[in-house]
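Inside the fold
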Amino acid sequence: MTWWALIRFLHVTSAALWVGGQLTISLVVLPLARDTLDTGQRGRVLRAIGRRFGQFTGAFFLPVQITTGIAMAWHKGVTWESLYYPGYGRVLAAKLLLFVAVMVAAMLHGWANGRGRPAFARAMAVTSLVGSLGVVLLATALPAT
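You'll find the protein chain entered in an unreviewed UniProt entry as Copper resistance protein D domain-containing protein, with Carbonactinospora thermoautotrophica given as the organism.

Structure, rendered in structure tokens:
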């Protein structure tokens, strides 16, 4: 195993844990909380889960994604100009733009949750989740180099 294989492993594993965590919360935890907890308990539990997931995202997932992503781009010789080229460059550019949009949606979700705007928070959570799946789709569409 080379260092670059380890860096790619960390990038993919971090992304899998982040997107998998979003899916687990959305598809498993939220429906169970709605079915089993009263309104007050549900709010406290879901805020605590969201806060903890946000802490992991800020402390682990995001730094690993950005650091390993920059390292892999440098290793592959990606430049700002190459992001305009068809194929690898444009797919990577689309992935980066969607990743930024997902981060903005995730931050707006946390903000809306803290301000007591559940409908907007829910919309931003769905936007973040769908966008995250799009980032994974674009990552799998990157041509092998």
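Don't stop here, the text continues.
**Some remarks on the overall build of the protein chain**
Secondary structure summary: the protein chain contains four helices and zero strands in total. Once the C-alpha set of the protein chain is aligned to its principal axes, its extents read approximately 55 × 30 × 20 Å. Sorting the 145 residues of the protein chain into buried and exposed places 29% on the buried side. When contacts within the protein chain are restricted to residue pairs at least 6 apart in sequence, long-range pairs at least 24 apart make up 68% of them. When the accessible surface of the protein chain is totalled, it reaches about 9500 Å², and 71% of it is carbon and sulfur.

**Some points on the layout of surface pockets**
What the largest pocket holds in volume is close to 1300 Å³. What lines the largest pocket is a set of 36 residues, and nearest its centre among them are Leu46, Gly50, His109, Asn113 and Ala125. Elements with a minimum of two residues in the lining of the largest pocket: helix 1 (3-36), helix 2 (39-75), helix 3 (88-114) and helix 4 (118-141). At 13 residues, helix 2 tops the list of elements feeding residues into the lining of the largest pocket. Looking at the lining of the largest pocket residue by residue, the class counts come to 16 nonpolar, 14 polar and six charged.

**Side note on the side chain of Lys95**
Within the element layout of this structure, Lys95 appears in helix 3. Buried within the structure, Lys95 lacks any salt-bridge partner; Glu81 is the closest side chain of opposite charge, at an N-O distance of 19 Å. Each residue touching Lys95, except ones within four places of it in the same chain, is listed here: His11, Val135, Leu138, Ala139 and Leu142.

**Some points on the environment of Ala93**
If you trace the backbone, Ala93 turns up in helix 3. A C-alpha to C-alpha distance of 20 Å links Ala93 and Trp18, two positions 75 residues apart in sequence.

Analysis parameters
- Position labels on residues start from 1 in each chain and follow its written sequence.
- Only residues with pLDDT of at least 70 are given local features in this predicted model, and only at 80 or more are side-chain atom pairs given and counted; all residues enter the totals for whole chains, interfaces and linings.
- Neither water nor hydrogens contribute to the side-chain values; these are computed over all heavy atoms in the structure.
- Only DSSP runs of H or I with at least four residues qualify as helices, and only runs of E with at least two residues qualify as strands; both kinds are numbered from the N terminus onward.
- The buried label applies to any residue whose accessible area, calculated with a 1.4 Å probe on protein chains only, is under 20% of its type's maximum; exposed applies above 50%, and partly exposed to all values in between.
- Contacts were defined at the residue level, with two residues in contact if any of their heavy atoms lie within 4.5 Å.
- Reported accessibility uses the Shrake-Rupley method at a 1.4 Å probe radius. Residues are deemed covered only where the shown protein chains occlude them.
- With a 1 Å grid laid over protein atoms only, a set of points is called a cavity when a 1.4 Å probe fits there but cannot get out and a pocket when it is open yet has protein on both sides within 12 Å along at least five of seven lines; lining residues have an atom within 4 Å of a point.
- Grid points are joined across faces, edges and corners, and a volume is the space filled by probe spheres set on the points.
- Each residue is assigned to one class: nonpolar for Ala, Val, Leu, Ile, Met, Phe, Trp, Tyr, Cys and Pro, charged for Asp, Glu, Lys and Arg, and polar for all the others, Gly among them.
- Charged residues are defined here as Lys and Arg on the positive side and Asp and Glu on the negative side; His and the ends of the chain fall outside this count.
- The working definition used for a salt bridge is a side-chain nitrogen of Lys or Arg within 4 Å of a carboxyl oxygen of Asp or Glu.

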